[in-house]
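Chain by chain, the residues run as shown.
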Amino acid sequence: GARIPAIGFGTSQLGACGELVATALKAGYRHIDTAWKYGSEEGVGEGIRASGVPREQIFLTTKVSHEYLHADAFAKSVEESLKRLRVDYVDLLHVHWPNAAIPLGETMQALAKGKRQGFARHLGVANFNIALLEEALRLCPEPLVTLQAEYHPYLEQTKMLAHCRKKGLIFMAYCPLARGGLFNDPVLADIARSKGRTIAQIALRWLV
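This structure is a prediction, so every number in the text was calculated from the model and none was measured.

What counts and what doesn't
Numbering of residues starts from 1 in each chain and follows the order in which that chain's sequence is written. Only residues with pLDDT of at least 70 are given local features in this predicted model, and only at 80 or more are side-chain atom pairs given and counted; all residues enter the totals for whole chains, interfaces and linings. Note that the side-chain values use all heavy atoms of the structure and ignore hydrogens as well as water. Two strands qualify as a pair provided DSSP detects at least 2 bridges between them. Put simply, DSSP H or I for four residues or longer makes a helix, DSSP E for two residues or longer makes a strand, and each gets a number counted from the N terminus. A pocket here means an open set of points on a 1 Å grid, computed over the protein atoms alone, that has protein on both sides within 12 Å along at least five of seven lines. A cavity is instead a set of points where a 1.4 Å probe fits but cannot get out; residues with an atom within 4 Å of a point line either one. Grid points are joined across faces, edges and corners, and a volume is the space filled by probe spheres set on the points. Under the scheme applied here, a residue whose accessible area is under 20% of the maximum for its type counts as buried, over 50% as exposed, and between as partly exposed, the area being computed with a 1.4 Å probe on protein chains only. Arc definition: directions from the helix axis to the C-beta atoms. A contact between two residues is defined here by any heavy atoms of the two lying within 4.5 Å.

*Asks:* Is there a simple way to think about the sheet that holds strand E3 (residues 59-64) in this case?
*Replies:* In any sheet, the strands associate via hydrogen bonds between backbone groups, in a parallel or an antiparallel arrangement. The strand order across the open sheet built from seven strands is E1-E2-E3-E4-E5-E6-E7, with neighbouring strands paired in parallel fashion. Two strands lie at the open edges of the sheet, namely strand E1 (9-10) and strand E7 (170-174), each paired on one side alone. Pairing geometry for strand E4 (residues 90-95) and strand E5 (residues 120-126), over five bridges, is parallel. Each residue of the ladder has a partner; that of Leu93, found in E5, is Leu123.

*Asks:* Can you help me understand the layout of surface pockets in this one?
*Replies:* Any space left empty among the atoms is revealed by the rolling of a water-sized probe across them. Space inside the largest pocket adds up to approximately 1600 Å³. Lining the largest pocket we find 48 residues, and of these Met172, Ala173, Tyr174, Cys175 and Pro176 sit closest to its centre. Of all elements in the fold, only E1, strand E2 (31-33), E3, E5, helix H6 (158-167), E7 and helix H8 (199-207) reach the threshold of two or more residues within the lining of the largest pocket. Of the residues forming the lining of the largest pocket, the biggest block, five residues, is contributed by E7.

*Asks:* What is the right way to read H8 from this model?
*Replies:* Residue pairs spaced three or four apart in an α-helix point in one direction, given the helix's 3.6 residues per turn. Turning to H8, its buried residues are Ile199, Ile202 and Ala203. Buried residues in H8, looked at end-on, bunch into an arc of 95°, giving them a common side. In this fold, the buried residues of H8 make contact with helix H7 (186-195).

*Asks:* Help me understand unusual backbone geometry, please; the structure alone is not making it clear to me.
*Replies:* Trans is the prevailing form of peptide bonds, just as negative phi is the prevailing case for residues other than glycine. A positive phi angle, near 60°, is found at Asn127, a position not held by glycine. Within the secondary structure layout, Asn127 lies in the loop between E5 and helix H5 (130-139). Here Ala178, not a glycine, exhibits a phi torsion of approximately 55°, which is positive. If you trace the backbone, Ala178 turns up in the loop between E7 and H7.

Here it is as structure tokens:
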């Protein structure tokens, strides 16, 4: 299957981000991460078209929000995401957050169906803890390939990382720069200076 580019361009809080996404793609990004919840799907679709980069060269991720994890709502959410993005499929479809009020088995069936219908190439979950991830793996009729969670030098994820490695899952980190918090870190500033790199480069390198 497709390889997931190691560094992605996240679009949370970017809203109408067509120009930003087009610029990111022109700069060499090939993994674009969006979600219904971000309100950025339309902008991502515009950016992809404006960039001139062929669709098949882009690894595109979107997510179904926790409100829509019942089977019918899930299918509708996927359909609407594809419409907003103006694409036939996404490369990766995630359950954005778990929802204890909706049976996980039903959600996993709906997620698998998205793949079986050709709307998603690969499947994963976001913001699940180890116990929930185990349940999801057990209940999903199609393989899960990723777990997405917040991860940066201020957030300990050793256990989850080890668990993902054991299960053969890819850990996808979000907020890799701690929402900008890392830029004021004197230790990272020293490392960056000694290496002749930026703080962002050091933090991303550490994650990769």
